[in-house]
Structure formats: structure tokens, C-alpha cells
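An overview of the molecular structure
Each chain, written out:
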Protein chains: 2
Amino acid sequence: MGWLADETGLEKCAANYVPLTPLSHLNRALEVFPDRTALVYGSTRRTYVEFHARVSQLASALQARGIQSGDVVASILPNTGPQVEAHFGVPACGAILNAINTRLDVDTVSYIFEHSGAKMVLVDTQFLKLAEAAIKQMHGTPPQIIEVADPEHGFQPGGHYLEYEELVAMGDPMFDWVMPQDEWESIALNYTSGTTGKPKGVVYHHRGAYLATMGNAISWRMQLYPVLLTIVPLFHCNSWTHPWLMPMMGGTTVCCRDVTAKAIYDAIADHGVTHFGGAPIVLNTIINCKEADRRPFDHIVEVFTAGAPPPASTLAAIEPLGFNVTQVYGLTEVYGPATECTWKPEWDGITGDERADLKARTGVLMPMMEQITVHDHGQEVARDGQHLGEIVIRGNATMKGYFKNPEATREAFKDGWFHSGDIAFMHPDGYIKITDRAKDIIISGGENVSSVEVEGVIAAHPAVLLASVVAKPDEKWGEVPCAFIELKEGASVTEEEIVKFCRERLAGFKTPKRVVFADLPKTSTGKIQKFELRAVAKLLD
Amino acid sequence: MGWLADETGLEKCAANYVPLTPLSHLNRALEVFPDRTALVYGSTRRTYVEFHARVSQLASALQARGIQSGDVVASILPNTGPQVEAHFGVPACGAILNAINTRLDVDTVSYIFEHSGAKMVLVDTQFLKLAEAAIKQMHGTPPQIIEVADPEHGFQPGGHYLEYEELVAMGDPMFDWVMPQDEWESIALNYTSGTTGKPKGVVYHHRGAYLATMGNAISWRMQLYPVLLTIVPLFHCNSWTHPWLMPMMGGTTVCCRDVTAKAIYDAIADHGVTHFGGAPIVLNTIINCKEADRRPFDHIVEVFTAGAPPPASTLAAIEPLGFNVTQVYGLTEVYGPATECTWKPEWDGITGDERADLKARTGVLMPMMEQITVHDHGQEVARDGQHLGEIVIRGNATMKGYFKNPEATREAFKDGWFHSGDIAFMHPDGYIKITDRAKDIIISGGENVSSVEVEGVIAAHPAVLLASVVAKPDEKWGEVPCAFIELKEGASVTEEEIVKFCRERLAGFKTPKRVVFADLPKTSTGKIQKFELRAVAKLLD
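Now for a quick tour of the structure.

The rules behind the values
Residues numbered from 1 in each chain as written. Chains lettered and ligands numbered in written order. Predicted model: local features only at pLDDT ≥ 70, side-chain atom pairs only at ≥ 80, totals over all residues. Heavy atoms only, no water. Helix = DSSP H or I, 4+ residues; strand = E, 2+ residues; numbered from the N terminus. Buried < 20%, exposed > 50% of the residue type's maximum accessible area, 1.4 Å probe, protein only. Least-squares fit on C-alpha atoms with pLDDT ≥ 70 in both. Contact = heavy atoms within 4.5 Å. Salt bridge = Lys/Arg side-chain N within 4 Å of Asp/Glu carboxyl O. Polar contact = N/O pair within 3.5 Å; in protein donor to acceptor, adjacent residues only side chain to side chain. Phe/Tyr/Trp six-rings, centres within 6.5 Å; stacked < 30°, edge-to-face > 60°. Lys NZ or Arg CZ within 6 Å of the ring centre and 35° of its normal. Core = buried A, V, L, I, M, F, W, Y, C linked by side-chain atoms within 4.5 Å. Pairing = 2+ DSSP bridges. Expected span 1.5 Å × (residues − 1). Axes fitted to C-alpha atoms, helices over the stretch in contact; angles between N-to-C directions. Parallel < 35°, antiparallel > 145°, perpendicular 65-115°, else oblique. Left-handed = near helix turned anticlockwise from the far one by under 90°. Nonpolar A, V, L, I, M, F, W, Y, C, P; charged D, E, K, R; others polar.

**So, unusual backbone geometry**
Residues and elements named next belong to chain B. Residue Arg221 is not a glycine yet carries a positive backbone phi of 55°. Mapping Arg221 onto the fold places it in the loop between helix 7 (206-219) and strand 10 (227-230). Look at Arg221 and you get buried, because its relative accessible area is 19%. In the Ramachandran plot, Asn238 falls in the positive-phi region, its phi being about 50° despite a non-glycine side chain. Inspection of the secondary structure puts Asn238 in helix 8 (residues 237-240). Asn238 gets classed as buried once you look at its relative accessible area, which sits at 0%.

**Looking at the relation of the copies chain B and chain A**
For the pair chain B and chain A, the relating rotation is 180°, the translation along its axis is 0.0 Å, and the fit reaches an RMSD of 0.1 Å. On the angle and the small slide along the axis, the relation comes out as a two-fold axis. Here 100% of the interface residues in chain B have copies in chain A that are interface residues too; the copies meet face to matching face.

**A short note on the interface of chain B and chain A**
For an interface, size is often stated in terms of accessible area lost upon the parts coming together. In this assembly, 85 residues from chain B lie in contact with 85 residues from chain A. The interface formed by chain B and chain A contains 8 salt bridges. Residue Glu346 of chain A is joined to Arg36 of chain B by a salt bridge in which the shortest nitrogen-to-oxygen separation is 3.8 Å. For the pair chain B and chain A, the interface holds 36 residue pairs in polar contact (both at pLDDT 80 or more). Of the residues forming the side of chain B that touches chain A, the biggest block, 7 residues, is contributed by helix 7 of chain B.

**Some details on the packing of aromatic side chains**
Considering all chains together, one arrives at 24 aromatic pairs over all chains under this definition. With a centroid separation of 6.0 Å and an interplanar angle of 75°, the aromatic rings of Tyr17 of chain A and Trp184 of chain B are classed as edge-to-face. Of the two residues, Tyr17 of chain A is situated in the segment before helix 1 (23-32) and Trp184 of chain B in the loop between helix 6 (164-170) and strand 8 (186-191); the pairing between them involves two chains. The exposure class assigned to Trp184 of chain B is buried, which follows from its relative accessible area of 4%. Connected via pairs of aromatic rings, a cluster forms that spans Tyr265, Phe276, Phe297 and Phe323 of chain A. Above the ring of Phe501 of chain B, the side-chain terminus of Arg505 of chain B is found at 3.6 Å from the ring centroid.

**Comments concerning the nonpolar core**
Counting residues in each nonpolar core, the largest one holds 199 residues, and the members touching the most others are Ile391, Ile393 and Phe418 of chain A together with Ile391 and Ile393 of chain B. Other than its neighbours up to four places away in sequence, Phe418 of chain A contacts Leu331, Glu333, Val334, Ile391, Val392, Ile393, Thr398, Met399, Tyr402, Ala412 and Phe413 of chain A together with Ala15 of chain B.

**Topic: the sheet that holds strand 18 (residues 379-380) of chain B**
Residue and element names in this part refer to chain B. Taken in spatial order, the 5 strands make up an open sheet running 18-17-19-21-22, and their pairing is antiparallel. Edge positions in the sheet fall to strand 18 and strand 22 (432-437), since each of these pairs with one other strand and no more. Here 2 bridges tie strand 17 (residues 369-376) to strand 18, and the two strands are oriented antiparallel to one another. Looking at strand 18, one finds that Asp376 is bridged to Gln379.

**Concerning the environment of Ile268 of chain A**
All names here are of chain A. With respect to the helices and strands, the residue Ile268 is situated in helix 10 (residues 261-271). Classification of Ile268 as buried rests on a relative accessible area of 1%. Taking the C-alpha atoms as reference points, Ile268 and Gly395, separated by 127 residues in sequence, lie 34 Å from one another. Not counting the four nearest positions on each side in its chain, Ile268 is found in contact with Val273, Phe297, His299, Val301 and Phe323.

**Regarding helix 7 (residues 206-219) of chain A**
Residue and element names in this part refer to chain A. A rise of 1.5 Å per residue sets the reference length of helix 7, with its 14 residues, at 20 Å; its end C-alpha atoms lie 20 Å apart and thus fit the reference within 8%. Burial analysis of helix 7 places 14 of its 14 residues in the buried class, which makes it a mostly covered element. One or two residues past the end of helix 7 sits Arg221, with phi positive at roughly 55°.

**Here's the deal with the sheet that holds strand 22 (residues 432-437) of chain A**
The 5 strands are arranged 18-17-19-21-22 (chain A) in an open sheet whose pairing can be described as antiparallel. Either end of the sheet is taken by a strand with one partner, and the two such strands are strand 18 (379-380) and strand 22 of chain A.

**A closer look at the pairing of strand 14 (residues 323-331) of chain B**
All names here are of chain B. Across the 9 residues that make up strand 14, a large majority, 8, are buried. Across 5 bridges, strand 13 (residues 301-305) lies against strand 14 in parallel orientation. Across the sheet, the residue bridging to Phe304 is Thr326, located in strand 14. Pairing of strand 14 with strand 15 (residues 336-340) involves 4 bridges; the strand directions are antiparallel. In the strand pairing of strand 15, Tyr329 is matched with Thr339. Between strand 14 and strand 15, which follow one another and run antiparallel, lie 4 residues, and Tyr335 among them has a positive phi close to 60°.

**Observations concerning the packing of helix 2 (residues 48-64) of chain A against helix 3 (residues 81-89) of chain A**
Residues and elements named next belong to chain A. Relative to each other, helix 2 and helix 3 sit at 65°, their axes nearing to 9 Å. As summarised for this structure, helix 2 and helix 3 are arranged roughly perpendicular, according to the angle between their axes. The element helix 2 and its partner helix 3 pack so that their crossing is right-handed. Residues Phe51, Arg54, Val55, Leu58, Ala59 and Leu62 of helix 2 lie in contact with helix 3, whose contacting residues are Val84, Glu85, Ala86, Phe88 and Gly89. Across the contact of helix 2 with helix 3, the residue classes break down as 8 nonpolar, 1 polar and 2 charged.

So this is what it looks like as C-alpha cells:
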């Protein structure tokens, strides 16, 4: 403890201590980058002067409508301009943003409204019915609806609610923001998409959000003036904190309402997108893009991918198209990415499958975090590329906890670590490689089978678009791998061919015993819903 | 204030809160960059595994020799390997590093020993006499001397003191570091070189040091694996916090004991130096380097320069040599750089003097700081490129205060701002341009004359190496500008020619009334000692 013998007069004061918050980035951008483009959405383009004024107006109007410090303001918005504005405007009046997944069902939205106690909700016209239905069946005081119309994209205001632009117009562009007095105050409340049970409300503090922006900028090798395409939904870990990061770099946030291959190529060619994050499914979308929708560009686009390890075949296919893919790993509880598969210069000469295998590593700790390791019964596993354990994490970009759920918080933080529930091993050089969610491991004849490993093999088959492998109960082996496969348009392959393809590449106990061709069910954030597949697998003879 | 209605279970814990400290960067580097080169000094080259072990040994040995948390450990060291190790090893045992300027006189070092209460001092063999003399004349308990020999550079151990390598050898490479419990604890104590009065002890906290590393990395557009040449002395704002930054990026710190043009070129060519900071005088050293000492390299070296605005002629001369110079501005009190002349892409096409003028701006706020402005009587000056005021700063990389000097701290922090004492105006786009230290302004016939402006004009004369302009008392005008000039080797010019050169480029009242050719006196950190020149100017007829 480095306290000096005499600390007289060395306490914190306004000159040397400011609570960390990403709001500071936008205040600084107003001074440093006033005329640079902050936001692009459709035909809307705002400089930092304009964006700052819009945010101030929103914050001011929210306050005028009764929103107080510590209140929750929800949103049900696609990645539109207003959603980005809300990421600054809501905290700028001292409130906490609860960005709700637009793909959720009425029951869950209703549960979130009740649980969060949101006083207000900004709802895109497209999702008004969802919000109305959720309010109808909820108990307690419902949130006040503000309708966010999007006429340019075909969503005209319905006229039943105060519209977002009317709200903003009421606000004062010179409004004095309500800055946090303590960096441990909350900035966001993000409900996990939880495949089982009620979603949990993950609380973000201003400090963590600020530090995540710095760590992400450094890890992502961002130079000044990046252009971010928001493919990761802003309701998903606040798009990994990246919209809060952009003002720090004088960067531009480009929004697109619907993520299509054409929209991605257009954003790159028209707005010079330099960075985006996205699940591996987005990489597939780009790889399988129609030739007519592709646009030429002459820079390398940096892509963070996460959610599941991208198959080697995907990685190998996308690089020649001008995308440098870096795998990151994280969870809602750690503000999105916490590790990155940091590339080593000595790997530069490695090509083909070996290169793709390296790129598919989960990686190492990002700069804003303190420690990550893989624990088995509280001890780090051997760094031998084999022993499995649970990924545990410590650091400043970790949630405050789960809202109104101290038991779950205690459980998640037991022994001073955040317990991810993800299963991994460690390479000898310390790089972590995730193998499965704990519940996704298949135990066949006492052997652990990583469903991700089997999926990676199947995905390399030329006819396969997506593959998901789950446990199927088996009298003899306990469990056996069962594969569900979505084929590429026009492609065909038989169950026997897939099994043979796998057997040539995998140990016998890892080879799927059943193969089913079907459209795969996905959660609202694009993850494949394995619990549904497991239910189906159980019913197969 | 964003406190939620229910904060139960959302308090800080070991999983989600770690006091910010640059020590974390080195712990992370051990995991993420174990085999990369951390340090190069002479023939010494250490990986992060080795460097971390050395730091642990040093911390352990310091503790074994009686150093406790909160104690001050001083150093009188050039930019050598041990000085970099001390920057981590001293705080890793909970102590505070007081890196003392090796160019100070005995009186001042003696004063610092007394004032800091240092328990131990690491002294390079070259400076043993200085330390001994300072101890001899001081009152109170003297620091224990550890001699740091440097046989490779001709400094053999004298045998009178415990030698640094012996000390390190006593330590445990697996020592469990004493990490700060509170990020407001102190990490360093840096005495200002104060041209008048006793030096003041600037106290750095771990939080500010950590945030400065992140802000500097982002501002300096660093990518992974930078190679830093430590030209700025580590006793000068801890080399602007850059050695603490390197482990965050997997970077290499290259030390050189003596800064010569040859040493700089060799470090670039042999070790691939990508970044260094230095005063404008270092730029001149490079520009005027003998052809035989130049080495070819094929990358652009990024240079932060500070201490005084580099003359347009210097900037124009160094760019074609492969150096991209960015001006930064700061003070010991703000951990070195706080502003940067952030380059705008729309300036790319601008060449010649206009480009150099842009590059000579003091700039805008760096990302880790909160606010900077120019105040005249507590109000921001008009952004008109004319009105002068004092630069004031707020933010998290600002000192805790002056050690054992609460009055000076209060004065420096009055009204919630750090008062820099530097005079500047603001351009319409918000860029600040420093004109002078408050005391360096020349007031001639009621008009303010910026000594820096006049110096810039004189420096553009082909015969001039360095110029310094100060006030000379004058019966008629109150003060008039008086120029002191150091000529390039072999060059010659007359007083009349300089006056004529200035009159063609400056208003009459700004033109020097006297010109003196002489070697300019410099402070220990390379700044020209204007107070001496003022004394001389007074004596001139």
C-alpha cells in the first residue's frame, strides 16, 4: 500500500479526479472533433456538434418528462440513429439504459418491464405491438411509451404516442448533463438472453464502460477516425461498448437497420467502414453474398467475431475478401469481449488450416481486464492443450452484478472470480481455447466430446451452411453426438456421406451417430438454440 | 447520479474491481507476451518472463532490506535497464519511486533527500559522488545507497556499497507483489526542475499512471508491439509514463545511456524503434547528424515532441528524414503530455510553412483527460487566435498534489482546475497554441510580445542553431526583446543581419533590439534557462 508518510493536501479534488464515464468521450469529442461525422443512419449524417446537441436535447427532454437520476429508461430499437443517441442521452440525464432485445417474445419483454421498473420505453414503430402486448400483461406501473418512427425505412408514426422527434425537439441543446458523482453508478442494464429460466439483468457501471472503450480500441488496433458498422445489436452488451468508444477516436458510427450482405458491402464502399463486430453467421453471410451485391473496396476491414468459434473453413474463406478476422470472447457480464486471439508476428508465415486453427483460438486477456484463467476445482488446469476447466475472469470491465438477484450475483462471483460457465483448455503459450458451454459438452462412454470440434469438422463439408451438434441420450454410451445441419442453397448430401466425412477426420466416439437436415432454430441474438435441438434429439429413435 | 432503486448485492468485489495501476500491465504481459522482448539495454535483452522475474526479485529484495509500503525509494540513474526495472520493482513492493534528475547540483539533491525522506537510493556509479556529497550535507536520516554499476559502459562497481546486481540476486523471482489496495495510493514522486525556488515534489497516483498509459497509446496511434526509445529521461515525468505503457502493448523499451544522433539512428536501425519522445533539441540533433552516423530505415518513426514549440524550420527539416513529429504539451503535474496536436485528415494536402505552423500548435486534449481551456480571469478566452490567457486543465492524469506543500497544492488547484502557468490563445477550431510561460512574456510599450514567436522567426535563419528571446529592461518601452543565439558549426552572421531578418518578418515592437551570440545555458532537462539570460540582458547597456 503506497500511502506516503504525509498525505496532507493530497486528497481528490475537481482538478485531479473525475469519475470515469464514456460520457466524457463525447464531451471531449465536441471540443476535439467538432466537425467530424459522429453518426450515419440512412440519409442522416450528424457531426459531433450536432450529435452532442441531439444527445443534450434528449437528456433534457427525458428529465422534463420526469426521468430522474437512477431511473431506468428502456428501448426496443433496432440499430438505428435514435438507439445510438439513447446510449448517451439516457445516461446524460443520470438514468440507466435498458436496451431490450427486439426479437424477444411478449412474455419475456413483459417480465423485463416488471423487473427493471423502467419508467419509459423508446419503441421503434415496428415493435409497438410487442411493447403494447407486454405492457398489457405486466403487473405494476407500465413504462411510458415514446414511439420512435423511421419514415425513411417505411415506419410512419402511428399518432398514438409522443414521437421521438417531438420529444427531442422539446429538449435544450445546451442542457447541462447529469454526470456520475461516483463511477460505480450504473449506466446500463442488459438482460441476458438466457436459454433457460428467466433472463437476468446485468448491471454495467460507468467505470467499466469507460475502461472497456479504452481496452477495445487498443486491442482492435484502432487508429484515429475509425468507421464502425454496428452489426452487433446495441441491445447486445451495448454493441460491445463500441458506440461509446467512437467519440474517443473521433470515429463514425454507421447504423444499418437490417444486416444483409448488401448492406454490409454498401456501408464499406459508401462510408469507408473500417471495423465491425459480428457472430460467425455474419461472416457466412459475407462469404455467401451474391456477386451482384458485392462492392469493391481497397482497405482491410477489421472484424471482431464472437459468440462461437468460427469454423476454420469460414476463416479461410473470408480473408481473401479483404476482411481480417480476430476472434474475441466474452459474455454480457463482462461488457462483451474480454479476450482476443491476439495475433503473433511469428505466425505471419503460417497458412491454410494451421492459420485458421490459430485464428480460431479464444485468445488472451484484453488490456482493461486483470486476469483470466481456466479452473478445475478452483485450480488452474495444466497448460497442455487438453485439460478442460471453466473459464474464470477478474477485472474492471465486469458487471456490478445481477439486478435484484443477489443470490445469482454471489454465485457468479464466488471465490473472487466471475464464473463464465464456459469450458476451455489452455495452450502451452497461455492462449485459451473454448470448447463448449458447460451444458453443451457431450459425454460419450465417459469421454468428453466437444460439440464445437465436431461442428467445425462438419462445417468444412462443401454442402454445409451451418451445423450444430448436441448430445442424444444413448443406452450404451450414455450420450452420443447428434448433428443438425442446414445445407447451402441447392446443395445436397446424405446422412451417410456426412458420417463418413466425419469418421475420416474424427475419433469414432466423436463421430455423430445421427444426422438431421433441418433449418436450425436460433435465439434472438443469432445463437443456435441447442436446447431445442436436444429436445428433438431425445425424441429420435 | 445513476444509482438504481435497488443496489443490493451490486457492491464492488474482487471479481469486478481492481485498483488501476500500471503494474497490472506487466502482470498481463507475463501471460500474453511472455516471449516478446521487454527491454533492450546495451547487450542486455530481456523477455517479459525474464523482465517480470527481475522486477519481482528487485521488489522482494527491497522488502528484505527494510523497504515498506509507503516508503520512498529514490534513484539517480540515467536511462539504463535498472532504471526501467525500478519503475516496476519499486511500486511492486508498495514503495514510491523518486527518480531524481542526474543533472542536479548537490544542494538540490540534498534538499530532495531531506524532503522526500527516501529510505534508499539507487545510484549509478557515475553519480556516486553527487549522492555522497548530497548525503554529507543533508540533515536527517540519509538514504541507504545501492550502487548501480554499468561495466558495459565503463562504470565498474567501486566496492563500497551493495551493488544492484547483488541486491537483485537476493530477491525471489516468484515474489508476490504488493499491489495497491486503493488506486489513489502513490506510485511516484517527481520533483519539478523549478528554475526559481525550491523544487516541488509532484505526487503521482496509480490511477493516473494507468490512465495516462492508455491515453498515450491511443493518442500516439500505437499498434501492438511498439518499440520505444527512451530519450525523455525516466526522471522526467517517468519518461511521460511510456515505460509503464510498453507492457500493455507487448512493446519493447530500448534504453540508451547517452542520447546522440548516432545512438538514435543505431537504435532505429538495429532494434526497429517505432516511437520516441524528445525536446525539439533532439530533433535538431537528428537534423544536424553527421552523414556517417545516419543509418537507413524503411518505416516512419513517430515522435512526440514537447518542452517548447518546435520552430517551423525544424519541423520542415525532419519530416523528409522519416520522422513524423507530433507536438504534445504537458507538465510534470499532469504526468507529461496532456494535449496533442492531433492531425486532421483535411490538413494532409497542406505543405511547407503552413503545414509546419499547424504542426507547431499545442493542440487538443488527450483521451484520458477531462477538460483543457485557456482562462483569463476565470473565463474562457475568445477562440479568435489572439486573446491570451492561462492554460488550465482538469482530469484523471493530474497529480495528487505537491508533497508536504498543501499551500502550493491549493494554489495550483484553485477553482477546481490545475493552473499551468503557461500562456496561450485558442484557434477558432479549439486548438490551443502556447505562446509563453507567463514569466516569459515580454511587455513592450504595453504590447505583449511572445518570445516564442520571435524565436521561431530567428530559428528560420540558415545560420541559427538555437535562439532564445527574453525581456531586456528599457527606459522608453518598459521592456524590449533581446535575442541570444547559438550558431550552427562554421556558420556566421552579424547582429545587424539578424535584426534586418526579423524586421522583414515581424512587427517593429517584436523585433529584437539587441542580439547576443553565445552558447545558451540549459537546465538539466534541456530547457533553455531564460532566467540566466534575463540576468545577462539586464546588464547589457
